[in-house]
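What the coordinates show
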Amino acid sequence: MTAAWVYTLIPAAVAILGAIVAVNVRPGPTLVSAIQHFAAGVVFAAAAGEIMPDVAHSGSPIATIVGGFAGIGVMLAIRQLERLIKGPAGLLTLVGVDIVIDGLVLGIAFAAGAKAGLLLTIALSVEVLFLGLAVTTELSETVKSRRRIVLIVAALVVLLPVGAFIATPVASLPAHYITGFLSFGLIALLYLVTEELLVEAHETPDRPWVTAMFFVGFLLLLSLEEVMG
């Protein structure tokens, strides 16, 4: 699980780099939508290709159901929180919760195996890049200091290793407990794809090449998985 903590530094660095670029060259809505589609495809491929087979073949249906419903409950609670909290403070709170869950899911993935953890690291790097862009865009309307915006993004991504540390004890648990946590992580990833990335991506009028980015992301991670064996 030490590897899980180390690997969280990759998406953290990507998010900070994205914020640095975004405060200087503000990305347009079409580019942001393309990144969202690409991130959704990559995350979906990681969930379907790595996490779901481990859950489906675990032989622990009760753990799968319990972990899955726990994931549903947490995701619906986050959705309710989105409706209650508005403005920059609300965005920062929700992004912080998202990042903690990302770190938690990444730590759980490493409990299933190094390959699953590595592929999910790649997927979450793209997703956290979008979160960094979203925070940068929102704060640019009220915060004039570029340095302060980047520091806020950096403070948020520190929550990635926090989530991974929370997941550290999972690796030493019996197999059926690990299955339950993987089921939770699977639901969290699918929620991220279907209810956040794609929903927000479709707020911008679609273009064929933008829509295709979902499948590009999916095929890219699928191909990488095959190369890794």
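Data block above holds the structure.
Residues numbered from 1 in each chain as written. Predicted model: local features only at pLDDT ≥ 70, side-chain atom pairs only at ≥ 80, totals over all residues. Heavy atoms only, no water.

1. Side note on the pattern of salt bridges
- Here the structure, examined in full by the defined rule, presents three salt bridges.
- With a closest N to O distance of 3.9 Å, lysine 115 and glutamate 50 form a salt bridge. Within this pair, whereas lysine 115 is found in helix α6 (residues 114-139), its partner glutamate 50 is found in helix α3 (residues 29-56), the two being separated by 65 residues in sequence.
- Residue lysine 115 is classed as partly exposed on the basis of its relative accessible area of 28%.
- Note on glutamate 50: relative accessible area 10%, which makes it buried. (Salt bridge = Lys/Arg side-chain N within 4 Å of Asp/Glu carboxyl O. Helix = DSSP H or I, 4+ residues; strand = E, 2+ residues; numbered from the N terminus. Buried < 20%, exposed > 50% of the residue type's maximum accessible area, 1.4 Å probe, protein only.)

2. A word on the nonpolar core
- The biggest cluster of nonpolar side chains holds 63 residues, and the ones touching the most others in it are Ile51, Ile99, Leu120 and Leu189.
- Secondary-structure elements contributing two or more residues to this core are α2 (9-24), α3, α4 (61-84), α5 (87-112), α6, α7 (146-157), α9 (175-201) and α10 (208-228).
- Looking at which element gives the most residues to this core, the answer is α3, with twelve residues.
- Dropping the residues within four chain positions of it, leucine 120 is found in contact with Ala46, Val105, Leu106, Ala109 and Leu189. (Core = buried A, V, L, I, M, F, W, Y, C linked by side-chain atoms within 4.5 Å. Contact = heavy atoms within 4.5 Å.)

3. What about α10?
- The end-to-end C-alpha distance of α10, which contains 21 residues, comes to 30 Å, matching closely the 30 Å that a straight helix rising 1.5 Å per residue would cover.
- Its maximal kink placed at phenylalanine 214, α10 deviates by approximately 25 degrees.
- Taken together, the buried positions of α10 are occupied by Val210, Phe214, Gly217, Leu221 and Glu225.
- Its buried side turned inward, α10 meets α3, α6 and α9. (Expected span 1.5 Å × (residues − 1). Bend = angle between axes of the 7 residues up to and from the residue.)

4. Description of a nonpolar patch on the surface
- Together, Trp5, Val6, Leu9 and Phe165 make up a nonpolar patch on the protein surface, roughly 370 Å² of accessible area in all.
- Inspection of the secondary structure assignment puts valine 6 in helix α1 (residues 2-7).
- A relative accessible area of 40% means that valine 6 is categorised as partly exposed. (Patch = residues over 30% accessible without salt bridge, like charges linked within 9 Å, V, L, I, M, F, W, Y side chains within 5 Å. Areas by Shrake-Rupley, 256 points an atom, 1.4 Å probe, with all protein chains shown as cover.)

5. A few points about the packing of aromatic side chains
- Under the counting rule described, the total for this entry stands at four aromatic pairs.
- Centre to centre, the rings of phenylalanine 44 and phenylalanine 218 are 5.9 Å apart; their planes meet at 35 degrees, and the pair counts as tilted. Here phenylalanine 44, found in helix α3, pairs with phenylalanine 218, found in helix α10; they are 174 residues apart in sequence, far enough to count as distant.
- With 5.1 Å between their ring centres and 85 degrees between their planes, phenylalanine 214 and phenylalanine 215 make a pair best called edge-to-face.
- Members of the aromatic cluster, connected to one another through ring pairs, are Phe44, Phe214, Phe215 and Phe218. (Phe/Tyr/Trp six-rings, centres within 6.5 Å; stacked < 30°, edge-to-face > 60°.)

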